[in-house]
There are 2 protein chains.
Amino acid sequence: MNQTIETLLNHRSIRKFKEEPITETQLDTIISAAQQASTSSYMMAYTIMGVTDEAKKAKLAEITGQGYVKNNGHLMIFCADLYRHTLHATPEQYEQMLSNLENSEHFLVSAIDAALAAQNAAIAAESMGLGICYIGSIRNQLDKVDEILGLPKHVIPLFGMVLGVPDHQPDKKPRLPKQAVYFENEYNREHHAELQAFDQTIAEYYQSRQTNTRNDSWTDQMLRRFTNPMRMDVTGIVKKKGFNKQ
Amino acid sequence: MNQTIETLLNHRSIRKFKEEPITETQLDTIISAAQQASTSSYMMAYTIMGVTDEAKKAKLAEITGQGYVKNNGHLMIFCADLYRHTLHATPEQYEQMLSNLENSEHFLVSAIDAALAAQNAAIAAESMGLGICYIGSIRNQLDKVDEILGLPKHVIPLFGMVLGVPDHQPDKKPRLPKQAVYFENEYNREHHAELQAFDQTIAEYYQSRQTNTRNDSWTDQMLRRFTNPMRMDVTGIVKKKGFNKQ
């Protein structure tokens, strides 16, 4: 097993960091790695916002409800970005661009481009001994995050990432069995049994982990999550920012 | 610079492969690495479809217009998947889940989860000396791809990936300057100059690369792309599959 595979398989989300900013050199390497990720038709349809301003970090920590959004080695917000593609367009060309800029195809493209770049950033950071955690909860109040970062139309925040020197070593969280996520040639609709086996695994994990033990299963967790409507305002905010409208 | 950073920075898309399938061990490692990627609130909202059936590969090559979708060491299609989250729901619970399953928030979550897993797969493959290329052109006829793979409602193909032993070594494609994709604290709306500098870089790259030289710039390429409506049917197909409806 090579060093890279070891890094990939060793991932766990880090939510407690030493009071130590990452270095400029580390940040440069992380951004370069992010930029080298694949990108759909060379669109590079994302922007990375570094947040170092303490007041902005405090606001984002409040929105996400997570203290480690304030206390970390560095905070980045990954955004879908189709704005820079319009910068050299005449007003007529811009009008002509709208049906592409605002359709689901390019909403997907920009979200995927941002995620590929982010995952390269995560792997680069972890390979240097840093820890990371994705922050989906910026979507609790997407419009406020958008405002804090001063984003123009056709740019929208998708998720954050905190990085830093780990100050804990959580257990590795189990994943679904391969048989439930990888199929060959035809989707297998009947994978109840695999999910039930996984419920057993995860019940044991929640009971045995170092902190925060509880009684739970994966299918129950998902039922609870999906039967409670959440972030129903994301749709409207996304459209208002000029994405996913048609 | 560690081995992982080297792998990340050395990425180029490979579109010509030796006639050599990847091994079962390689595939297992790649899928394990994909699965260990971060996932939003433990949802693991993606499925990877391996395609080995020659007739299916031929159909997908036709849809994408790319011969290397047929001729490679392995082909995978990454899908957004919220189906398995419904498997243990009663009909009443399922009804209650719909507003979540079908909103933009969970369309985003599943697309991002799929992309994070895919990028881990790509890095794992590249670290073992394999080459990869993402295939966005499966979205040329998304409904047909969906049918070929037999996907249930709440599962939708997003993009493909070909893998294998590289049979060419293309030049590394330049990326936008860091100053155009990474901003601190406040988005910089005035990055015309950075894009113009990049246009110069990319014009030189297109002139000097080993094959397929041409006169072009990045901003022109993007203007051409966005002024020509494309894949306008993706919106409707996505909704029909139970995503991104509300």
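Above this text you will find the structure in question.
Presented here is a report on the structure given in the accompanying data block. Small disclaimer: the values here were computed from a predicted structure and weren't measured.

Let us now look at the pattern of salt bridges. Considering all chains together, one arrives at 22 salt bridges over all chains under this definition. For Arg 231 of chain B, the salt bridge identified is with Glu 105 of chain A, shortest N-O distance 2.8 Å. Of this pair, Arg 231 of chain B sits in the loop between α9 (218-227) and α10 (234-240) while Glu 105 of chain A sits in helix α5 (residues 104-127), placing the two residues on different chains. Residue Arg 231 of chain B shares its accessibility class with Glu 105 of chain A, and that shared class is buried. One salt bridge connects Lys 241 of chain B with Asp 146 of chain B, and the closest N-O pair in it is separated by 2.9 Å.

With 180 residues, the main nonpolar core has Met 76 of chain A together with Met 76 of chain B as its most contacted residues. Not counting residues within four places of it along the chain, the set of residues in contact with Met 76 of chain B comprises Tyr 182 of chain A together with Leu 27, Ile 30, Ile 31, Ile 48, Met 49, Gly 50, Ala 121, Phe 159, Gly 160, Met 161 and Leu 163 of chain B.

Take the packing of aromatic side chains next. Each aromatic ring pair is specified by the distance between its two centres and by the angle formed by the two planes. Scanning the model with the defined rule gives 17 aromatic pairs over all chains in all. For the pair Tyr 42 of chain A and Phe 198 of chain B, a centre-to-centre distance of 6.4 Å together with 50° between the ring planes defines the contact as tilted. Remark: Phe 198 of chain B occurs in helix α8 (residues 192-208) and Tyr 42 of chain A occurs in the loop between α2 (24-35) and β1 (46-51); the pair is interchain, linking two chains. When its relative accessible area of 2% is taken as the criterion, Phe 198 of chain B is described as buried. Ring centres of Phe 107 of chain A and Phe 243 of chain A lie 6.0 Å apart, and the angle between their planes is 55°; this geometry places the pair in the tilted category. Note that Phe 107 of chain A is positioned in helix α5 and Phe 243 of chain A in the segment after α10 (234-240), a separation of 136 residues in sequence. Taking the relative accessible area as the measure of exposure, Phe 107 of chain A reaches 1% and is therefore buried. The structure contains a cluster of three or more aromatic residues connected by ring pairs, namely Phe 107 and Phe 243 of chain A together with Phe 107 and Phe 243 of chain B. Between Lys 173 of chain A and the ring centre of Tyr 42 of chain B, over which it is positioned, the NZ or CZ distance is 4.0 Å.

Residue and element names in this part refer to chain B. Given a rise of 1.5 Å per residue, 17 residues ought to cover 24 Å, and the 24 Å separating the end C-alpha atoms of α8 matches this to within 8%. Along α8, the residues that are buried comprise Leu 195, Phe 198, Asp 199, Ile 202, Tyr 205 and Tyr 206. The arc that holds the buried residues of α8, viewed along the axis, is 130°, so those residues lie on one side. Of the exposed residues in α8, the ones pointing more than 90 degrees away from its buried face are Ala 193, Gln 200 and Ser 208. Looking at the packing, one finds that the buried side of α8 touches α7 (178-181) and α9.

Now for the pairing of strand β2 (residues 74-81) of chain B. Residues and elements named next belong to chain B. Of all 8 residues making up β2, 8 are buried, and the element is well covered by its neighbours. A two-sided burial pattern is seen for β2, the buried positions comprising His 74, Met 76, Phe 78 and Ala 80 on one face and Leu 75, Ile 77, Cys 79 and Asp 81 on the other. Two strands pair when backbone bridges link them, and strand β1 (residues 46-51) and β2 are joined in this way by 6 bridges, in the antiparallel orientation. By the bridge assignment, Gly 50 is partnered in β2 with Met 76.

Here the focus is the interface of chain B and chain A. Listed as interface residues are 118 residues of chain B and, on the opposing side, 118 residues of chain A. Roughly 10800 Å² is buried in total at the junction of chain B and chain A, and carbon and sulfur atoms are behind 59% of that figure. Taken together, chain B and chain A are joined by 8 salt bridges. Of the charged contacts in the structure, one is a salt bridge between Lys 178 of chain A and Asp 28 of chain B, with a shortest N-O distance of 2.5 Å. Remark: the boundary between chain B and chain A carries 73 residue pairs in polar contact (both at pLDDT 80 or more). No other element matches helix α5 (residues 104-127) of chain B, which puts 15 residues into the side of chain B that touches chain A. Its residues placed into classes, the side of chain B that touches chain A shows 60 nonpolar, 42 polar and 16 charged. In this sheet, strand β5 (residues 182-184) of chain B lies alongside β1 of chain A in parallel orientation, the contact comprising 3 bridges. Bridging from a neighbouring strand, Met 49 of chain A pairs with Phe 183 of chain B of β5 of chain B.

How each quantity is defined
Starting from 1, residues in each chain are numbered consecutively following that chain's sequence as written. A letter from A marks each chain and a number from 1 marks each ligand, given out in the order of writing. Since the coordinates come from a predicted model, pLDDT governs what is reported: local features require at least 70, and pairs of side-chain atoms require 80 or more to be given and counted, while whole-chain, interface and lining totals use all residues. Water and hydrogen atoms were dropped before computing side-chain values, which therefore reflect all heavy atoms in the structure. One speaks of a salt bridge when a side-chain nitrogen belonging to Lys or Arg is within 4 Å of a carboxyl oxygen belonging to Asp or Glu. Secondary structure elements are defined from DSSP: runs of H or I of at least 4 residues count as helices, runs of E of at least 2 residues count as strands, and each element is numbered from the N terminus. Each residue gets one of three labels from its accessible area relative to the maximum for its type: buried under 20%, exposed over 50%, partly exposed in between, using a 1.4 Å probe on protein chains only. Residues belong to a common nonpolar core when they are buried Ala, Val, Leu, Ile, Met, Phe, Trp, Tyr or Cys residues joined through side-chain atoms within 4.5 Å. Residue contacts follow a heavy-atom distance rule, with two residues in contact if any of their heavy atoms lie within 4.5 Å. The pairing test for Phe, Tyr and Trp rings, Trp by its six-membered ring, is centres within 6.5 Å, and the orientation test on the planes gives stacked under 30 degrees, edge-to-face over 60, and tilted for anything in between. Think of it as a cone above the ring: NZ of Lys or CZ of Arg counts as a charge over the ring if it is within 6 Å of the ring centre and within 35 degrees of the ring normal. Each residue after the first adds 1.5 Å to the expected span of a helix. Summarising the geometry, the arc corresponds to the directions from the helix axis toward the C-beta atoms. Strands are labelled as partners when DSSP assigns at least two bridges between them. Once two parts are brought into contact, the accessible area they lose, counted with a 1.4 Å probe and summed over both, makes up the buried area. Throughout this description, a polar contact denotes any pair of N or O atoms lying within 3.5 Å of each other; where both atoms belong to protein, one of them has to be capable of donating a hydrogen while the other can accept it, and for residues adjacent in sequence the pair is counted only when both atoms sit in side chains. Amino acid classes used here: Ala, Val, Leu, Ile, Met, Phe, Trp, Tyr, Cys and Pro are nonpolar; Asp, Glu, Lys and Arg are charged; the rest, including Gly, are polar.

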